[in-house]
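# Working through the structure, step by step
Residue-level listing of the chains:
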Amino acid sequence: MEGFFRKRRFPRFTPPICAILLAVFLGVTAPAQVPPKQEPPVTPNPTPSPAEVAALLPDAPFPLDSSDRGPLAPNGAPEDSNSVPQFRQTIQDQSDDQENPAFFQHHLIAGRFWISGQSNLIFQAHTPFHSPYSGPNSFHGYGESATSLTNTLFLGARPLRFTELIGSVDLEDGRGVSNALGVAAYVNADVIDPDLTNKLYLSRFFFHHTIPMAADRITQDPNPFFLQPWVPRQRFEVTFGKMSLLDYFDVNEVGSDPHLQFTNLAIGNAGTYEYAGDGHGYTIASMISYSGPRYGFRFAEALLPKITNTEVLNYNLSQSRSENLEFDVATYPLRGYTTHSRFLTFINHADLGNYREADAAYLSGQDPTPNIALHRHPGTIKPGFDINIEQDLPKNFRAYFRYGWNHGLYESFTFSEMNDTVSFGADLSGDAWHRKYDRIGSAWVNSGLAYYHREYLALGGIGFMLGDGKLTYGRESVSETYYTAHVIGGLYLAAQLSFINNPGFNRARGPAIVPGLRAHVDF
């Protein structure tokens, strides 16, 4: 049970969900049926249907204000229409950023097809630290180094005006320090289980359809997930297929891109968010979302893996599935600047172990060693939530705060092994020192375990990510600071430094200092 999560057959979604999605899609795409030679009734101030709204949208962009980027909020801040940050071109790979083009500049071909790619190399190391004992899943107390490499090719097609087919192919190689074990807030979000590396695989392949709800729009550059040159200011979206939930849920512009920002997995997302994903971090899911001027939401039903850290998903929805619901709210308490608040809740239904039962079975002599796998129950429900706040500030300064929780009585199954977490951080662009595309950031995350979870580890139990053989419990704290420098075209180089206190929630071990270097290329 090593490593942690980062991804063919389609799930058998329940008939009501399929019927609702099919009705919504057909209702907005089917042509209107008008009886011949019959005038439509005249009504005062008729409300146009989504299909009529779509017909009003011209193909050529038109400005909504002098900036051609959309309307302004009452306090003078740009209105973002509450799309996920990827659509605003600030955290995903910048191969589609036309102000700072990558080596290959024309990604959208004939307005219909998309092709781009990226490579991300991370080198990290640490010197020996205090470690009187260790276990099978410990962060190594001796000095070590490791290098990981991820390569992604993005492909897309737009067969209809508001419909896209999006895909990506990944190849991952290398490893992380201590094979991604021993630290809940692990320092390299790109690392997966060593048994899954050096394999070419289809990471994404999904259908995306946009339903415009208003004729006005916000102009933007196309990107690998949205091939339009603009987005409707109000819209519904339907997405179905193989995807990563972390592309859409629990993201913010300050810290959710390990390729250009923080590499720590519990800074990029809440470590308590046990999102649905196979060993590479991808799943089969169906998602519907709404984005408007101040409010938005998204809901996804997704498949969970059969076993921790494998490529096999469980298609038995009666016993295993994941529901994810997130609300976005844009407010404007500071004049000229936006506050984004995102509220996420998730419920996982899976074959999960009970820490209290595992502890009791060992203490009573029933089990020779604490073993959570012996106390799993099909259909166990594990809930969690996350509060994610992002604040724009003057001089290209931004900050975020995040708090997350999940039910600590039940087995940690995906992503990371923790039950509550709080993190905050900030970043600053290089405009002040005439390096527009450079960025510096610093963040801190503090995490903890629920009582029966930490008791399980103290008795010698082994989790999918943690296990020192015993435990002197203390909250784990990890900080990271980075500087990313733009070199030329799509090439970025970065230096980073992480400090780990109580690795694996163990006060008897550490602290550890982990410096690193990163090279990122967009093409």
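For the structure itself, consult the block above.
The structure reproduced in this document is the subject of the present report. Think of each chain on its own: its residues are numbered from 1, step by step along the sequence as written. In keeping with the predicted nature of the model, local features appear solely for residues at pLDDT of at least 70, side-chain atom pairs appear and are counted solely at 80 or more, and the whole-chain, interface and lining totals rest on all residues. Hydrogens are left out, water is left out, and the side-chain values use all remaining heavy atoms of the structure.

### Let's talk about the overall build of the protein chain
Looking only at helices and strands, the protein chain has 5 helices and 19 strands in total. Surface accessibility follows the Shrake-Rupley procedure with a 1.4 Å probe radius. Residue values consider only the protein chains on display as shielding. In the form shown here, the protein chain has an accessible surface area of approximately 20,900 Å², with 63% of it arising from carbon and sulfur atoms. Secondary structure elements are taken from DSSP: a helix is a run of H or I of four residues or more, a strand is a run of E of two residues or more, and numbering for both begins at the N terminus.

### Brief notes about helix 5 (residues 451–458)
Within an α-helix, residues lying three or four positions from one another point in the same direction, as the helix has 3.6 residues per turn. Remark: exposure states derive from per-residue accessible area (1.4 Å probe, protein chains only) relative to the maximum for the residue type, with buried under 20%, exposed over 50%, and partly exposed in between. Taken residue by residue, helix 5 has His453, Tyr456 and Leu457 as its buried positions. One side of helix 5 holds all its buried residues, which, seen down the axis, span an arc of 95°. Here, two residues are considered to be in contact whenever any of their heavy atoms come within 4.5 Å of each other. Buried positions along helix 5 lie against helix 4 (355–363). Just past helix 5, the residue glycine 460 takes up positive phi, approximately 105°. Note that the arc is computed from the directions linking the helix axis to the C-beta atoms.

### Here we look at the pattern of salt bridges
By salt bridge we mean one thing: a side-chain nitrogen of Lys or Arg within 4 Å of a carboxyl oxygen of Asp or Glu. Here the structure, examined in full by the defined rule, presents 18 salt bridges. For the salt bridge of arginine 398 with glutamate 253, the shortest nitrogen-to-oxygen distance reads 3.4 Å. Taken together, the residues span a long stretch of sequence, with arginine 398 in strand 14 (residues 397–406) and glutamate 253 in the loop between strand 8 (235–243) and helix 3 (265–268) at a distance of 145 residues. On the basis of relative accessible area, arginine 398 is assigned to the buried category, the value being 10%.

### Some details on the side chain of aspartate 392
With respect to the helices and strands, the residue aspartate 392 is situated in strand 13 (residues 376–393). Arginine 398 provides the closest opposite charge to the buried, unpaired aspartate 392, separated from it by 5.3 Å. Residues within four places of aspartate 392 in sequence aside, it is in contact with Leu334, Tyr337, Thr338, Phe397 and Arg398. Charge counting follows a simple rule: Lys and Arg are positive, Asp and Glu are negative, and His as well as the terminal groups are ignored.

### Here we look at the environment of phenylalanine 505
The residue phenylalanine 505 is located in the loop between strand 18 (491–501) and strand 19 (512–522) in this model. On the basis of relative accessible area, phenylalanine 505 is assigned to the buried category, the value being 0%. Between the alpha carbons of phenylalanine 505 and leucine 457 there is a distance of 9.7 Å; along the sequence they are 48 residues apart.

### Considerations on the environment of glutamate 455
Here glutamate 455 shows up in helix 5. Taking the relative accessible area as the measure of exposure, glutamate 455 reaches 25% and is therefore partly exposed.

### Some words on the packing of aromatic side chains
In this scheme Phe, Tyr and Trp rings, the latter by its six-membered ring, pair at centre separations within 6.5 Å, and the angle between planes marks the pair as stacked below 30 degrees, edge-to-face above 60, and tilted otherwise. Inspection of the entire model under this criterion finds 20 aromatic pairs. Taking the centre distance of 6.0 Å and the plane angle of 45° together, the rings of phenylalanine 385 and tyrosine 403 count as tilted. Of this pair, phenylalanine 385 sits in strand 13 while tyrosine 403 sits in strand 14, and the two are 18 residues apart along the sequence. A relative accessible area of 31% places phenylalanine 385 in the partly exposed class. Linked through ring pairs, Phe236, Tyr290, Phe297 and Phe327 together constitute an aromatic cluster. Whether a charge sits over a ring comes down to the Lys NZ or Arg CZ being within 6 Å of the ring centre and within 35 degrees of the ring normal. The positively charged end of lysine 470 is found above the aromatic ring belonging to tyrosine 133, 4.5 Å away from the centroid.

### What about the side chain of glutamate 144?
Mapped onto the elements of the fold, glutamate 144 is located in strand 3 (residues 144–160). Pairs of N or O atoms are called polar contacts if they sit within 3.5 Å, as long as, within protein, a hydrogen donor faces a hydrogen acceptor (for residues adjacent in sequence, only side-chain-to-side-chain pairs). Side chain to side chain, glutamate 144 and serine 178 meet in a polar contact 2.5 Å long. In this structure, glutamate 144 is in contact with Gln124, Ala125, His126, Arg175, Val177 and Ser178, ignoring residues within four places of it in sequence.

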